[in-house]
Amino acid sequence: MAAQTKVHVSQIKTYQTCPRMYYFNYVLKLVPKVENSKLLFGRGIHLGLAEYYSTGQLSAALTTYNTWLDEQRLLLMGSAADPDHLAEASRLGEVLLKEYIAFAGAHDDFEPVAVEQDFEVPIWTPKGKQSRMMHRGRIDLIVRDRYGKLWLGEHKTAKDAPVELSLQLDFQASAYMVAATQLFGQQITGVVYNVIRKVDPAKARTPVIIRKLVVRTAHELLATATQMYQWARRMLTDKEFSPISGRHCSWQCAYSSLCLCMQDGTDYRLLADALYETRKEVIEDASDDNIPT
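Here we summarise the structure given alongside this text. (Residues numbered from 1 in each chain as written. Predicted model: local features only at pLDDT ≥ 70, side-chain atom pairs only at ≥ 80, totals over all residues. Heavy atoms only, no water.)

## A closer look at helix α7 (residues 171–184)
And then number 1: Given a rise of 1.5 Å per residue, 14 residues ought to cover 20 Å, and the 20 Å separating the end C-alpha atoms of α7 matches this to within 8%.
And then number 2: Burial within α7 is extensive, with 10 of its 14 residues counted as buried.
And then number 3: Looking at α7, one finds that the buried residues are Phe 171, Gln 172, Ala 173, Ser 174, Ala 175, Tyr 176, Met 177, Val 178, Ala 179 and Ala 180.
And then number 4: Where α7 is buried, its residues touch α1 (9–17), β3 (110–124), β4 (130–145), β5 (150–158), β6 (188–197) and α8 (218–237).
And then number 5: The backbone nitrogen of Gln 172 lies 3.2 Å from a side-chain oxygen of the residue at the head of α7, namely Asp 170.
And then number 6: One or two steps after α7, the chain reaches Gly 185, where phi turns positive at roughly 65°. (Helix = DSSP H or I, 4+ residues; strand = E, 2+ residues; numbered from the N terminus. Expected span 1.5 Å × (residues − 1). Buried < 20%, exposed > 50% of the residue type's maximum accessible area, 1.4 Å probe, protein only. Contact = heavy atoms within 4.5 Å. Polar contact = N/O pair within 3.5 Å; in protein donor to acceptor, adjacent residues only side chain to side chain.)

## A short note on the nonpolar core
And then number 1: In this structure, Phe 24, Leu 152, Tyr 255 and Leu 258 are the most contacted members of the largest nonpolar core, which totals 47 residues.
And then number 2: In terms of residue count, the dominant contributor to this core is α7 (eight residues).
And then number 3: If we ignore the near neighbours within four places in the chain, the residues touching Leu 152 are Ile 139, Leu 141, Ile 142, Ala 173, Tyr 176, Met 177, Ile 188, Gly 190, Val 191 and Val 192.
And then number 4: If you look at the next biggest cluster of nonpolar residues, it comprises 29 residues, including Tyr 52, Tyr 100, Ala 104 and Val 143. (Core = buried A, V, L, I, M, F, W, Y, C linked by side-chain atoms within 4.5 Å.)

## A short note on the packing of α1 against α7
Pairs of packed helices are described in terms of their axes, by the angle between the two and the distance that separates them.
And then number 1: Between α1 and α7, the shortest axis-to-axis distance is 10 Å and the interhelical angle comes to 150°. Taken together, the axes of α1 and α7 lie roughly antiparallel to each other. Of the two possible hands of crossing, α1 and α7 adopt the one that is right-handed. Between α1 and α7, the contacting residues are Val 9, Ser 10, Ile 12, Lys 13 and Gln 16 on the first element and Phe 171, Gln 172, Ala 175 and Tyr 176 on the second.
And then number 2: Among the residues forming the contact of α1 with α7, the class breakdown is five nonpolar, three polar and one charged. (Axes fitted to C-alpha atoms, helices over the stretch in contact; angles between N-to-C directions. Parallel < 35°, antiparallel > 145°, perpendicular 65-115°, else oblique. Left-handed = near helix turned anticlockwise from the far one by under 90°. Nonpolar A, V, L, I, M, F, W, Y, C, P; charged D, E, K, R; others polar.)

This is how it looks when you write it as structure tokens:
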């Protein structure tokens, strides 16, 4: 490993899911020419909420969202993408942003401290020494409660309410908390999960906005710091990148066809040239804006 190797937790999460998916994404740096529409909606909502917590204004959030939507329509022109892939974003985006901001106005009992906070902090060894790896990324939101305690804010979109255990074991949020603790010099108490269900509020029979507060103990954060180091080392020294099959193959992985080619001995590079572009640099951590259903 080179000195000061920069690691994003999204890389580790991808590697945990499937080393071969990590290989295509972060080693070969292949990006699909047609974006995964399942991730599109959450990205737009995320941008709108970032603007709201930066300005406190509904109008600014809606302007940001609609500007993003117009940009996506322009990108769609002349592409091979299904023209219906923006239908959900067009139909529900403004409605759900308004729904969330109304909820926030009634329930937010905290003060935003940082929005879209970039960071680059050391990854520490289990013995407490600074490694040659740096954790780099971007945090959605940091807030301070009425008692002066800091919390991580995470925005997610989903069809249904998330499973409680999945939030408690959320590795990415825990890794962000470890980073934020270093960044702000104060332990982060827990995570405020803001889940926006992808349903029409006028037809919904259960709450559209779900807020979950999940506390992390100092022991959990120390364990996460150790896991971050161990997974990063394993990821950066892997030479095989063996595939792991699962639900992610059908909804999350953008490289299934390449993987099958590699598996049966077909030259996947021809397909890669046709369907993918090469990313010049590793992008910032991608938020898990969409929870699989």
